Structure formats: C-alpha cells, structure tokens
Amino acid sequence: FVRFISRRGATDAEKIGAEKTKSVVIPMGVVIDASPPVRVLQRSIPQILCAANFIEVKGHKFLIEAIRLLKEVGIPVRLMLAGTGPLENELKGLSMQSGLEDRVEFMGQLAHDRLLSLYDSNQVDLFVLPSIEAPGGVHEGIPVSLMEAMARGVPCISTKTGSIEELIPASLELTVSHSNSQELADKIKQIIVEPGMYR
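Residues numbered from 1 in each chain as written. Predicted model: local features only at pLDDT ≥ 70, side-chain atom pairs only at ≥ 80, totals over all residues. Heavy atoms only, no water.

**Considerations on unusual backbone geometry**
Argument step 1. With phi around 60°, Glu173 is a residue other than glycine that occupies positive phi space.
Argument step 2. Of note, Glu173 is situated in the loop between α6 (164–167) and β8 (175–176).
Argument step 3. For Ser179, which is not a glycine, the phi torsion comes out positive at approximately 65°. (Helix = DSSP H or I, 4+ residues; strand = E, 2+ residues; numbered from the N terminus.)

And the structure:
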C-alpha cells in the first residue's frame, strides 16, 4: 500500500499511476495535552504570526501586501514572520518598500519549543498561512504549522489551495482564494473587528 496524508495527495498520485485500491489516506496530526482555550482578542494591536520557510509556495508576499492594505484602511496589526529561506531579502525589501517597517518583524528561524511557547504564552492572536499554487503544480499538503496553531486554540486563516481545506473546511469561512491580498486583508479585518467571528 501507499500511505498519503491527504485526499488531495492520493488523488494527485492516482492521476500519475498510483493504484487506487492500494492507496490509503491516514492524516497527520499533532499531540495536544487538553482542549485548547477559547481565546478572546484583547490587544489593541493584534499580533499575527506566519511560521513558514521563505519560499514561493508559502505566499508571503501576498500577506505583506494584505498588511499594507490593512494599514491603508486604519486597521492596526503587527505581523511576525518566523522562518528563513531564499526569498528572505526580497520579502524584507517588499516590507520596507511598502512602509511596513513598524508593522512587520522578521524573527528568523525559531526553535520549535520557542514557536510553541509563543502560543502558550498568548503572544499570538491570529495565525495566517497565505500559501499559493506555485508554478509546476507545487502546492501545500497538510501544513503542520497550521495544525500546531489550531491545536493551541489560535484562530487561523489560510487559502483554498492544496489540502488546506481538509484541515480548515470551507464551511468555517476561514480560507480565501490564493494569491489574493485583498481577500486576505478583508478576512483578517473581519476576524479582528467581529468578536463573535474571532471567538
């Protein structure tokens, strides 16, 4: 048999010859100690985290643009980017060019324990993963970073790409079109300004 972590992965493999009768989908998971807390947004400047390597498929440039759009309409947020990668200098340049030096922090590669402590110490109000469908059919599987944030009760926004909607179903209205900064900005704004939606 061949084990896949998502239905999309199994379907893609079948298109190139994997036998459906030998394909098994066993989703990945993360360990949680107890039910996560129900969070209430209390900060006047919400803290958004995106933990992902700086590579094209993660879609960071669309998130930075969304932060710029939010600034234009007077929605104060702070974006923390945890990771490293080949696009780091380009993304730092985009952040500066967009006038977001005071709103976007590049944290570098964080140790796993440090990343999880950000959630446990309530330093993250919202997790956003703006992944895209990259050229050549490259897309997300089931992002562990999303699972870890969700397992700690952090509200999450992501995109309709890869297998993400197997993790965050469309019915929750927490995914937006990939490569669309305006939709991303609108969804972040909705979650921030509507306490019921955030909860």
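What follows picks up the thread again.
**Section: helix α7 (residues 181–193)**
Argument step 1. Along its 13 residues, α7 runs 18 Å from first to last C-alpha, staying within 8% of the 18 Å computed at 1.5 Å per residue.
Argument step 2. All buried positions along α7 are accounted for by Ser181, Leu184, Ala185, Lys187, Ile188, Ile191 and Ile192. Buried residues of α7, viewed axially, fall in a sector of 165°; they line one side.
Argument step 3. Turning to α7, the residues buried within the fold contact β3 (47–51), α2 (60–72), β6 (126–128), β7 (156–159), β8 and α8 (195–198). (Expected span 1.5 Å × (residues − 1). Buried < 20%, exposed > 50% of the residue type's maximum accessible area, 1.4 Å probe, protein only. Arc of directions from axis to C-beta. Contact = heavy atoms within 4.5 Å.)

**Focus on the pattern of salt bridges**
Argument step 1. Here the structure, examined in full by the defined rule, presents 10 salt bridges.
Argument step 2. For the salt bridge of Glu105 with Arg78, the shortest nitrogen-to-oxygen distance reads 2.1 Å. In this pair, Glu105 sits in strand β5 (residues 104–108) while Arg78 sits in strand β4 (residues 78–82), placing the two residues 27 residues apart along the sequence.
Argument step 3. Residue Arg78 is classed as partly exposed on the basis of its relative accessible area, which comes to 26%.
Argument step 4. A salt bridge links Lys92 to Glu88; its shortest N-O distance comes to 3.1 Å. With a gap of four residues between them, Lys92 and Glu88 both fall in helix α3 (residues 88–97), about one helical turn apart.
Argument step 5. Here Glu88 falls in the buried class, since its relative accessible area comes to 18%. (Salt bridge = Lys/Arg side-chain N within 4 Å of Asp/Glu carboxyl O.)

**Considering the nonpolar core**
Argument step 1. Counting residues in hydrophobic clusters, the biggest one holds 50 residues, and the most contacted among them are Leu49, Leu63, Ile67, Tyr119, Phe127 and Ile188.
Argument step 2. Among residues more than four places away in sequence, those in contact with Tyr119 are Arg39, Leu49, Val124, Phe127, Ser145, Glu148, Ala149, Arg152 and Val154. (Core = buried A, V, L, I, M, F, W, Y, C linked by side-chain atoms within 4.5 Å.)

**Comments concerning the pairing of β7**
Argument step 1. A two-sided burial pattern is seen for β7, the buried positions comprising Cys156 and Ser158 on one face and Ile157 and Thr159 on the other.
Argument step 2. Bridge analysis of β6 against β7 gives two bridges, and the strand direction is parallel. Its bridge partner being in β7, Val128 is matched across the sheet by Ile157.
Argument step 3. Summarising the sheet, β7 and β8 pair through two bridges and their orientation is parallel. Bridging from a neighbouring strand, Ser158 pairs with Thr175 of β8. (Pairing = 2+ DSSP bridges.)

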